[in-house]
Amino acid sequence: MRKTVVLIAGCFSLILALFHVYLGWKIHGLSVLSSDHRALMEMLNVSTALLVFLLAVGSIFFINELLTTQLGRLVLFSGFLLYTMRAIGEVIFFPTFNVAIFVVCVLVAGLYLVVLLQRIRDPSATAHGS
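Notes on the structure in this doc start here. This one's a predicted model, so the numbers in the text were calculated from it and none came from an experiment.

1. A short note on helix 1 (residues 2-28)
Every α-helix carries 3.6 residues per turn, so stepping three or four residues along brings you back to the same face. For helix 1, spanning 27 residues, the distance from its first C-alpha to its last is 39 Å, which sits close to the expected 39 Å at 1.5 Å a residue. Within the sequence span of helix 1, burial applies to Arg2, Val5, Val6, Ala9, Gly10, Ser13, Leu16, Ala17, His20 and Ile27.

Dropping the structure here:
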């Protein structure tokens, strides 16, 4: 069960990483921004895409490591924080609330949280047979 939840979260992360690649292309074409602001947006978007892509790779190809090591659990917790902060940011910072972004971020954060809470409830739970 835990492996499946991490895999689903990883697939969402991969889709979101690809979305950020597309978003980077759109940002690059923005002519209404100063070159400094556009460069900052592009740099932050590339960093976000890389971070989300690495989270996806870990969640798809290194599930056992994520579930059984302290570093893996830290990565899972970081994924939870990443998506939670993005959902909160959607509410606080954006003048136009985007329901789709909010819902997807809450959903993926919830998937990572379920895995983390299951570990707390059952500390003997390992990736094997879960």
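Don't stop here, the text continues.
2. Re the packing of aromatic side chains
Taken as a whole and judged by the stated rule, the model has 5 aromatic pairs. Centre to centre, the rings of Phe77 and Phe80 are 6.0 Å apart; their planes meet at 35°, and the pair counts as tilted. One end of the pair, Phe77, and the other, Phe80, are both in helix 4 (residues 70-92), 3 residues apart, so they sit about a helical turn from each other. The exposure class assigned to Phe77 is partly exposed, which follows from its relative accessible area of 40%. Their ring planes at 15° and their centres at 6.4 Å tell us that Tyr83 and Tyr112 sit as a pair that is stacked. Note that Tyr83 is positioned in helix 4 and Tyr112 in helix 5 (residues 99-121), a separation of 29 residues in sequence.

3. Considering the environment of Met1
Along the chain, Met1 falls in the segment before helix 1. Sequence spacing of Met1 and Pro95 is 94 residues, and the spatial spacing of their C-alpha atoms is 38 Å.

4. Details of the environment of Phe94
Mapped onto the fold, Phe94 is located in the loop between helix 4 and helix 5. The class of Phe94 is partly exposed, set by a relative accessible area of 42%. Contacts of Phe94, omitting those with residues within four sequence positions, involve Arg86 and Gly89.

5. Quick notes on the packing of helix 2 (residues 35-61) against helix 4
Between helix 2 and helix 4, the shortest axis-to-axis distance is 11 Å and the interhelical angle comes to 135°. One way to sum up the angle between helix 2 and helix 4 is to call them oblique. The handedness of the crossing between helix 2 and helix 4 is left-handed. Residues Leu51, Val52 and Leu55 of helix 2 form the contact with helix 4, whose own contacting residues are Val75, Gly79, Leu82 and Tyr83.

6. What about helix 4?
Compared with an ideal rise of 1.5 Å per residue, which puts 23 residues at 33 Å, helix 4 spans 32 Å between its outermost C-alpha atoms and is within 8% of the ideal. Inspection of helix 4 places Gly72, Arg73, Leu76, Gly79, Phe80, Tyr83, Ala87, Gly89 and Glu90 among the buried residues, and these make up the whole buried set. The inward-facing, buried residues of helix 4 abut helix 1, helix 2, helix 3 (63-68) and helix 5.

Reading the values: the criteria
- Sequence order as written defines residue numbering, which begins from 1 separately in each chain.
- Given that this is a predicted model, residues contribute local features only at a pLDDT of at least 70 and side-chain atom pairs are listed and counted only at 80 or more, while totals for whole chains, interfaces and linings are drawn from all residues.
- By convention in this description, side-chain values take in all heavy atoms of the structure and omit both hydrogens and water.
- Runs of E in the DSSP output that reach at least two residues are strands. Runs of H or I that reach at least four are helices, and both are numbered from the N terminus.
- Helix span, expected: 1.5 Å multiplied by one less than the number of residues in the helix.
- The buried label applies to any residue whose accessible area, calculated with a 1.4 Å probe on protein chains only, is under 20% of its type's maximum; exposed applies above 50%, and partly exposed to all values in between.
- Planes of paired rings set the category: under 30 degrees apart is stacked, over 60 is edge-to-face and the rest tilted, where pairs are Phe, Tyr or Trp rings (Trp by its six-membered ring) whose centres lie within 6.5 Å.
- In what follows, a contact means two residues having at least one pair of non-hydrogen atoms within 4.5 Å.
- Where helices are involved, their axes are fitted lines through C-alpha atoms of the stretch in contact, as for all axes, and angles between N-to-C directions lie from 0 to 180°.
- Oblique is the label for any angle not under 35 degrees, not over 145, and not in the 65 to 115 range, which are roughly parallel, roughly antiparallel and roughly perpendicular in turn.
- Working rule for handedness: look at the near helix, and if it is turned counterclockwise from the far one by less than a right angle, call the crossing left-handed; if clockwise, right-handed.

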